[in-house]
Amino acid sequence: MNQRILFFLFLSLACSSLFAQPPGGDRQRENIPYAQRPAIGTLSGIVVDSVSQKPVPYASVVLSLMRGDSIVAGALTDEKGRFSLTEVRISAYNLRIQSMAHNDKFINRIFVSPKEPVKDLGSIQLEAKDFSVAEVEIVGEKKFMEMAIDRKIYNVDQLLTTEGGVATDILQNIPSVEVDIDGNISLRGSGNVNILIDGRPSGLTGADRSAVLEQIPASSIERIEVITNPSAKYDPDGMSGIINVVLKRNRRLGLNGNVSLSASTQGTREHSPAFLEPNKFNNSLGLNFRNAKINAFVNGSYRIDERFGYGTSYRENHFGSSFAALSQDENSLRNGTSGLVRGGMDFYLNPKNTLSFTGTYSDRMQQEEENGLFKFLNTEGQQDSSYVRKTDEQSQRGSYDGSLMYERKFNTDGDHKLLASINYSRGFSDSDNFFFSTYLDEAGNAISGPRNRQNNFTDRSNDLYTLQLDYEKPLKNKGKLEAGYKSIIRNVDDSFISESFDQFSDVFVLDTFLNNNFLYKERIHAIYGIVGQQFKRLGYQLGLRAEQTFTTSQLVTTNEEFVNNYPSLFPSAFLSYKLTESQQLQLNYSRRINRPNTRNLNPFTNFQDPLNLRYGNPFLLPEYVDAYELSYVFTQKRQTVTASTYYRVIHDVIQRFKTLDTLTNVGTTTYQNLGSGTSYGVELIYIGQVTKWFNLNVSGNFYRSLIDGGETELNVSGYGYGGRFMGTFRLPKDFNIQLSSFYRGPAPTLQGRMYAFNSVNLALQKRLLDNKATISLNVQDIFNTRQFRLEIDDPLFSQEFLRKRESRMATVTFSYRFGKQQFEARKRGRGERGGGDDDDGGGMDEDF
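Our subject in this report is the structure included herewith.

**Regarding the overall build of the protein**
And then number 1: Counting its secondary structure elements, the protein contains 6 helices and 46 strands.
And then number 2: Within the protein, the fraction of its 848 residues that count as buried is 49%.
And then number 3: With an accessible surface of roughly 40000 Å², the protein has 56% of that area assigned to carbon and sulfur atoms.

**Thoughts on the sheet that holds strand 2 (residues 60-65)**
And then number 1: Spatially, the 4 strands line up as an open sheet ordered 3-2-5-6, and their pairing is antiparallel. The sheet is open, and its two borders are formed by strand 3 (71-76) and strand 6 (102-112), each paired with just one other strand. When the angles between neighbouring strand axes are averaged without regard to direction, this sheet yields 15 degrees.

**A few points about the sheet that holds strand 14 (residues 221-227)**
Strands in a sheet are paired, the pairing made by backbone hydrogen bonds, and the direction either parallel or antiparallel.
And then number 1: The sheet built from 5 strands is open, its strands ordered 9-10-14-15-13 with mixed pairing. Sheet topology places strand 9 (145-147) and strand 13 (193-197) at the edges, where each strand pairs with a single neighbour. For this sheet, the mean angle separating the axes of adjacent strands, direction not counted, is 20 degrees.
And then number 2: As paired strands, strand 13 and strand 15 (residues 241-247) are joined by 5 bridges and run parallel to one another. In the sheet register, isoleucine 195 faces strand 15, and the bridge partner there is isoleucine 243.

**What to know about the environment of leucine 126**
And then number 1: Take leucine 126: it is sitting in strand 7 (residues 118-126).
And then number 2: Through-space distance from the C-alpha of leucine 126 to that of valine 47 is 7.1 Å; in sequence the pair is 79 residues apart.
And then number 3: Contacts of leucine 126, omitting those with residues within four sequence positions, involve Val47, Val48, Asp49, Ser50, Val56, Ile97, Ser99, His102, Asn103 and Lys105.

**Digging into the side chain of threonine 391**
And then number 1: Position of threonine 391 relative to the elements: it lies in strand 21 (residues 383-409).
And then number 2: The exposure class of threonine 391 is buried, given its relative accessible area of 8%.
And then number 3: Apart from residues no more than four positions distant in its own chain, threonine 391 is found in contact with Glu368, Glu369, Glu370, Asn433, Phe434 and Phe435.

**Describing the nonpolar core**
And then number 1: In terms of nonpolar packing, the biggest core is built from 29 residues, with Tyr154, Ile185, Ile221 and Ile224 touching the most fellow members.
And then number 2: Sorting the residues of this core by element identifies helix 3 (167-171), strand 11 (177-179), strand 12 (185-187), strand 13, strand 14, strand 15 and strand 35 (676-691) as the ones contributing at least two each.
And then number 3: Residues within four places of isoleucine 224 in sequence aside, it is in contact with Lys152, Ile153, Tyr154, Val156, Ile170, Leu171, Ile174, Ile243, Asn244 and Val245.
And then number 4: Among the nonpolar cores identified, the runner-up in size contains 19 residues, and Ala73, Val88, Ile90 and Tyr93 belong to it.

**So, the packing of aromatic side chains**
And then number 1: Applying the stated criterion across every chain yields a total of 21 aromatic pairs.
And then number 2: Ring centres 5.3 Å apart and planes at 85 degrees place the aromatic pair phenylalanine 562 and phenylalanine 619 in the edge-to-face group. Residue phenylalanine 562 is located in strand 28 (residues 560-580), and its partner phenylalanine 619 is located in the loop between strand 30 (612-614) and strand 31 (623-636); the two are separated by 57 residues in the primary sequence.
And then number 3: On the accessibility criterion, phenylalanine 562 (15% relative accessible area) is buried.
And then number 4: A centroid spacing of 5.8 Å and a plane angle of 20 degrees characterise the contact between phenylalanine 702 and tyrosine 719, whose relative ring orientation is stacked.

What counts, and where the lines are drawn
Residues numbered from 1 in each chain as written. Predicted model: local features only at pLDDT ≥ 70, side-chain atom pairs only at ≥ 80, totals over all residues. Heavy atoms only, no water. Helix = DSSP H or I, 4+ residues; strand = E, 2+ residues; numbered from the N terminus. Buried < 20%, exposed > 50% of the residue type's maximum accessible area, 1.4 Å probe, protein only. Areas by Shrake-Rupley, 256 points an atom, 1.4 Å probe, with all protein chains shown as cover. Pairing = 2+ DSSP bridges. Axes fitted to C-alpha atoms, helices over the stretch in contact; angles between N-to-C directions. Contact = heavy atoms within 4.5 Å. Core = buried A, V, L, I, M, F, W, Y, C linked by side-chain atoms within 4.5 Å. Phe/Tyr/Trp six-rings, centres within 6.5 Å; stacked < 30°, edge-to-face > 60°.

Below you can see the structure in the form of structure tokens.
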């Protein structure tokens, strides 16, 4: 019996081995490494719509090994739906065909052998997707705000009141972001924010950041990304976080483009109402071409601008002096032209390798005339003396940069990859200022005699080199590993030359005690590592960034050098917990830094205003901040509510500090490291579609700041708050009306406080030509309330400033899109970011 059982077992095993064994030649080929097999195969076919039987052009055809699922080849179908894959090696494959308007098609178990190296797959039928109303995302209907795990994404196409404007106009409408009258940007009440263009630092974001952002037209911006607590992957600069300005980069196939033309009227000025004749123009053009091998794009803009501004200052002395008060009134008229050109190409070497290049050039010419009246008052409030100071400024600012990027994907999903990039940018500014002072008598008439004349020439350059490597690898059980390296090399050359007119020799003579040349060199080398994992409801991410910084400040004129080298560690931690399908909690921590810039460091005195001087402090240390944030996110249908509470601890606080010389009555502003500071607050954001015809965006921020001056006894504490409202009304006949407003309450400063200010904007838009074109009218600051006001209260003096720019400007904008539009609507996958026609800009996931 046992022998029979053993016999039948042996017979079964023998038969199994016999039938499972491949022919001898096949077994030998299985043992040959894939890379050594002959590439003699060809796969071809034609892709058609299953209903209309029309060809499907530009469908993606991906060939992968049947074992291991590694991608080995790929192509796009041509205009007739045909494709051909050549030099295919002997093996077994699976084929996947994708089209944005159709469901994916899979063809498995395709065998390429020496006997049958050529495979004609014939007509491949694709079923069209069901684009029902509930599933489709229409271009122009994206949500204004979308939530990602580490950032808030704002799709700026929803901002009608910024059409015809520039980047700073858009930032004024972003929750958490504030822009003052001079274009200075702050995030949650802190001006220590890092501004990036397409996820990278650039010469565009040099010392005169606001002037450069005014060169970027609003029509060139796809979205704004706000990251209040970045992970260790990102540069730690900017204590309050990162604002990433993502420019448009069209990804649709074929040739596409857009054009925008706008004109603005003269706004309300100090003593004159708005005038209807246009004196501001902002035009832009964008072109994009993509096929199976390349994606090429170019964007250009040209702007003509005329702006009026005025300001007042009143300083009262609290000590015995030859005069008791100083009153200043200034007005300025600025005329300028600016242009920006940006272009690039993506080379799709194969499905796993992409090489990209981008370049940008910007240039701005400006002429400004400023007139200032200075009055010296005695203790009885009567005028003792006065003079008029006229300033003519001619300046040129610009930048150019280039980036070379390489991406290597190691798997089909693209989440195992290596990114390498090298970038160079240069920002430059040349400014010539001509000052002419005339003294006045009591009646305000010019006094004959010598007049003060002075010329200042400022040249500045900022060279920035970056080298970066980023590696991402998925781990088991929904885990992820990230690591990278980055080097930043920055060289700044800042020179200042002053000359004064000698009445006796009738020539200009150099002011040797004022002239200086300041050089600044910065070297930062960093490595980082991040590990994260997602369980059922709980997710975590832990990271650490290590940096070594080398800085050298050099005064060439006096042959002085200041060295400051320091290592830094920047840990980060993120936790997320999904309460329900529509509710989530997020808790995160990160450590950040605010490095002093050359304006803070240059110790030479700026004499542009002889009664209000300014100089830097070369011994400044960087500020460090530990930032904590807890957020609650609720999303249901078309409603999103976020509630966040944040807490920041700041070490070695850098603050602007003003003193008054009691002998000369000259005020001087410099910068100091104080003890420490804390700030904490609450932020609420609601964004949703209230009805079919009304969308509402409301946000508010309330915070408290405390600064402990340590030994300086310069302590300050106080509350600040602000809010935004934006309502969009959808009217019949493709009309839209948008009303937006902003309010920032009073806030404390080191020596005083800033007053509240607000503004209200209104826009009307009409869609034309099957939504390919729009025409809009918007008016900025319709109640003429936007101004900046600051108060300083010191034991020796008190001072109040007011600054205001031209407002109530009306802008008419016409925009038109042309080219292939077949992919304007698409079905969104689960967890996918909102789509659109310009779906791939310079997001930070791509560039960092």
